[in-house]
Amino acid sequence: MIHSGPRLEVEIPELDLPSFVLQRAGARGDKPALIDGPSGRSLSYAELARSVRGFAAGLAARGFAKGDTFAISMPNAPEYAVAFHGILAAGGRCTTANPLSTAGELRRQLVNSGARMLLTAPPSLDVAREAAGRAELFVLGDADGEAPYAELLGDPEAAPQVSIEPRVDIAAVPYSSGTTGAMKGVMLTHRNLVANLVQAEAMHGFSSEDVIIAVLPFFHIYGLSVIMNQGLLAGATLVTMPRFELAAFLDLIERYRVTRALVVPPIALALAKHPAVTGRDLSSLRHIGCGAAPLGAGTAREVEARIGCSVTQGYGMTEASPVTHLVRAFSTAGKPGSVGPPLPGTECRLVDPETGIDVDSGERGELWIRGPQVMLGYLGNPEATAAMLDDDGWLHTGDVAVADEDGWFTIVDRVKELIKYKGFQVAPAELEALLIAHPEVADCAVIGIPDEEAGELPKAFVVPVTDSLDPDALVRYVAEQVAPHKRIRAIEIVDAIPKSPSGKILRRLLRDS
């Protein structure tokens, strides 16, 4: 059975990404486009458009040409948007790297992507120097002997005129999260990214009156596309943060009267439970959107009750530019825990991973996706591409989902993370949702541990709110709410749950611990 989103009401324009996102930037003039939250330094829409042209001109003057790759490895800042769109305006590809990568990780990405140049910031400079190899290095901030960012800026009037084929030319090469297996470069065309912005525009409901806190890292596709590009397309003001710190996050919401926050589950969890939120004036927030990993219905309700604004979530992945499902902002549909229906122009199937047969509504299956936002493939890795993307254009997500009778989807787990107990499948996310609802649990994760008789047993890692948590009582609490095969058989108290920057639990680290 194919589940289809509504038809797109407008055609996807045949434009390159910078031309589409910044099409009204000049007319918005002095309106702040990006504000560096900690310093208050502001970049207007007119300055952004001019700086993008200047960056493209500077690259062209250095011989950077169509098809060349430029890497960015730095925290969120207004200049990130300038560099990203300047690279694309010059006809290049941008690969975005985690500024917390090790030298080895960054080197592998630079080599795999073929990056000619690398832009970093002082906190990551030592790693960037070690990793750069043949890539020319530039630094935003104190250059400390390296070429400064300013050297990349040329005359905006000399910006190159580059012919872009949106359906063919690659705009971005972000790298998949690497929660399982080796990291892979995802080839996203201009059309992939433009299409996804068009598909999601009405669902996000951003306006030029919005102030959006840009706390999620721009190196990740969620921060890059959903926050940075979708926000700039709408004419909103983005307040950037170099890293997430709860006190600073709350300070910036108060200081700039932030109206919209797009977060990941660990941030939502802090908003629901952390005492630092008490007494803060967060009344400007109209909506909180959550993505990158499942958000339990209980946590969503807690955030709504505590903050006093609507909380919705969506689903996507780097390979889909990234959004495929989304609950409309401010929706009153009343389905907490659901990621909503497919976006306009998106098709979905739910497939039994063992038989390859489509499942019925209400049954679990691997989510397959097809639409204009789906990647070209993995850079230099045809084997991985063939394993992920079939000949009919279906992207095999590896995520297990359920669709209800209205065509709304709920993500219940990963195919590779399901626990096999005596032939039964146990979803870690289901148990985690029960655990996190307990008042004495601050955070948690569930994995399967080998057992000679059962195959695997569910084990929970729990971060307690206080030292008084009784693990045995917690085991009984879960057992009262689940079938016998789903009961947690072991609990380990830990100080923190390892997670990726996008909020995904790094279960492999728990298994190896």
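Just above sits the structure.
These numbers come from a predicted model, not from an experiment.

Visitor: For the packing of helix 10 (residues 265-273) against helix 11 (residues 297-307), give the residues involved together with the corresponding values.
Guide: Running from N to C, helix 10 and helix 11 cross one another at 50°; their axes reach a closest spacing of 8 Å. Classed by the angle they form, the pair helix 10 and helix 11 counts as oblique. Seen from above, helix 10 lies across helix 11 with left-handed handedness. Facing helix 10, whose interface residues are A268, L269, A270, L271, A272 and K273, helix 11 presents T299, E302, V303, R306 and I307. In the contact of helix 10 with helix 11, the residues fall into seven nonpolar, one polar and three charged.

Visitor: Tell me about the pattern of salt bridges, and name the residues and values.
Guide: Counting across every chain of the model gives 25 salt bridges. With a closest N to O distance of 2.8 Å, R167 and E14 form a salt bridge. Placement of R167 in the loop between strand 8 (147-148) and strand 9 (170-172) and of E14 in the loop between strand 1 (3-4) and helix 1 (17-21) is noted, with a sequence separation of 153 residues between them. Linked by salt bridges that have partners in common, E14, R167 and R191 make up one network.

Visitor: Tell me about the packing of aromatic side chains, and name the residues and values.
Guide: How two aromatic rings sit relative to each other is set out by the distance from centre to centre and by the angle between their planes. Under the definition given, this model contains five aromatic pairs. Taking the centre distance of 6.1 Å and the plane angle of 40° together, the rings of F55 and Y149 count as tilted. A residue pair is termed long-range when its members are at least 10 positions apart, and F55 in helix 3 (residues 45-61) and Y149 in the loop between strand 8 and strand 9 qualify at 94 residues. Given a relative accessible area of 0%, F55 falls into the buried group. Taken together, the ring pairs in this structure connect F55, F64, F70 and Y149 into an aromatic cluster.

Visitor: Which residues make up the side chain of N98, and what values do they have?
Guide: Position of N98 relative to the elements: it lies in the loop between strand 5 (93-96) and helix 5 (103-113). A distance of 2.8 Å separates a polar atom in the side chain of N98 from the backbone nitrogen of L100. Filtering out sequence-adjacent residues up to four positions away, N98 remains in contact with S73, F219 and P501.

Visitor: Describe in detail the environment of G223, supporting the description with residues and values.
Guide: Summarising the element assignment, G223 is placed in helix 8 (residues 221-234). On the basis of relative accessibility, which here comes to 0%, the residue G223 falls in the buried class. Taking C-alpha positions, G223 is 8.6 Å from L262, a pair spaced 39 residues apart along the chain. Those residues in contact with G223, other than ones at most four positions away along the chain, are L216, P217, F218 and M228.

Visitor: Residues and numbers for the pairing of strand 18 (residues 365-370), please.
Guide: Of all six residues in strand 18, five are buried, a share of seventy percent or more. Pairing analysis gives five bridges linking strand 17 (residues 347-351) to strand 18, with the strands arranged antiparallel. Within the sheet, the bridge partner assigned to E347 lies in strand 18 and is R370. Relative to strand 20 (residues 395-403), strand 18 runs antiparallel, the two being bridged by four bridges. Residue G365 lies in a different strand from strand 20, and its bridge partner there is A401.

Visitor: Describe the sheet that holds strand 15 (residues 310-316), naming the residues involved and giving the relevant values.
Guide: With mixed pairing, eight strands are arranged side by side in an open sheet as 3-2-12-11-13-14-15-16. In the strand order of this sheet, the two ends are held by strand 3 (42-44) and strand 16 (323-326), each with one partner. Direction aside, the axes of adjacent strands within the sheet are offset by 20° on average. Note: strand 14 (residues 287-290) against strand 15, four bridges, orientation parallel. Across the sheet, residue I288 finds its bridge partner in strand 15, namely V311. Most of the contacts of helix 3 go to strand 3, to which it runs at about 80°, and overall it touches strand 2 (32-36) and strand 3. Relative to the sheet, helix 11 contacts strand 14 and strand 15, its axis offset from that of strand 15 by approximately 145°.

Visitor: Which residues make up the environment of D451, and what values go with them?
Guide: One can find D451 in strand 24 (residues 441-451). Taking relative accessible area as the criterion, D451 reaches 26% and is therefore assigned partly exposed. Counting along the chain gives 29 residues from D451 to K422, while the straight-line C-alpha distance between them is 9.9 Å. Every residue in contact with D451, bar those within four places of it in the chain, is listed here: E456 and L457.

Visitor: Talk me through the environment of R286; I want residue IDs and the actual numbers.
Guide: Positionally, R286 belongs in the loop between helix 10 and strand 14. Distance in space between the C-alpha atoms of R286 and D210 is 9.4 Å, their sequence separation being 76 residues. A distance of 2.8 Å separates a polar atom in the side chain of R286 from a polar atom in the side chain of D210.

Visitor: Report on the sheet that holds strand 1, specifying residues and quantitative values.
Guide: Ordered by their spatial adjacency, five strands build an open sheet running 1-17-18-20-21, and the pairing between neighbours is antiparallel. Looking at strand neighbours, the two that pair on one side only are strand 1 and strand 21 (409-414), the edges of this open sheet. Taken together, the two bridges between strand 1 and strand 17 define a ladder with antiparallel strand orientation. Counterpart to S4 in the pairing with strand 17 is E347.

Visitor: With reference to specific residues and values, describe the side chain of T237.
Guide: Position of T237 relative to the elements: it lies in strand 12 (residues 237-240). Separated by 2.7 Å, the side chain of T237 and the backbone oxygen of P32 make a polar contact.

Visitor: Break down the nonpolar core for me, citing the residues and quoting the values.
Guide: Within the largest apolar cluster, 122 residues are counted, with the highest numbers of intra-cluster contacts made by L48, F70, F249 and I288. At nine residues, the largest contribution of residues to this core is made by helix 8. Beyond its immediate sequence surroundings of up to four residues, L48 is in contact with L22, A33, L34, L43, A81, V82 and L232. Core analysis: the second largest hydrophobic core is formed by 20 residues, I419, V426, V441 and V462 among them.

What counts, and where the lines are drawn
- Residues numbered from 1 in each chain as written.
- Predicted model: local features only at pLDDT ≥ 70, side-chain atom pairs only at ≥ 80, totals over all residues.
- Heavy atoms only, no water.
- Axes fitted to C-alpha atoms, helices over the stretch in contact; angles between N-to-C directions.
- Helix = DSSP H or I, 4+ residues; strand = E, 2+ residues; numbered from the N terminus.
- Parallel < 35°, antiparallel > 145°, perpendicular 65-115°, else oblique.
- Left-handed = near helix turned anticlockwise from the far one by under 90°.
- Contact = heavy atoms within 4.5 Å.
- Nonpolar A, V, L, I, M, F, W, Y, C, P; charged D, E, K, R; others polar.
- Salt bridge = Lys/Arg side-chain N within 4 Å of Asp/Glu carboxyl O.
- Phe/Tyr/Trp six-rings, centres within 6.5 Å; stacked < 30°, edge-to-face > 60°.
- Buried < 20%, exposed > 50% of the residue type's maximum accessible area, 1.4 Å probe, protein only.
- Polar contact = N/O pair within 3.5 Å; in protein donor to acceptor, adjacent residues only side chain to side chain.
- Pairing = 2+ DSSP bridges.
- Core = buried A, V, L, I, M, F, W, Y, C linked by side-chain atoms within 4.5 Å.

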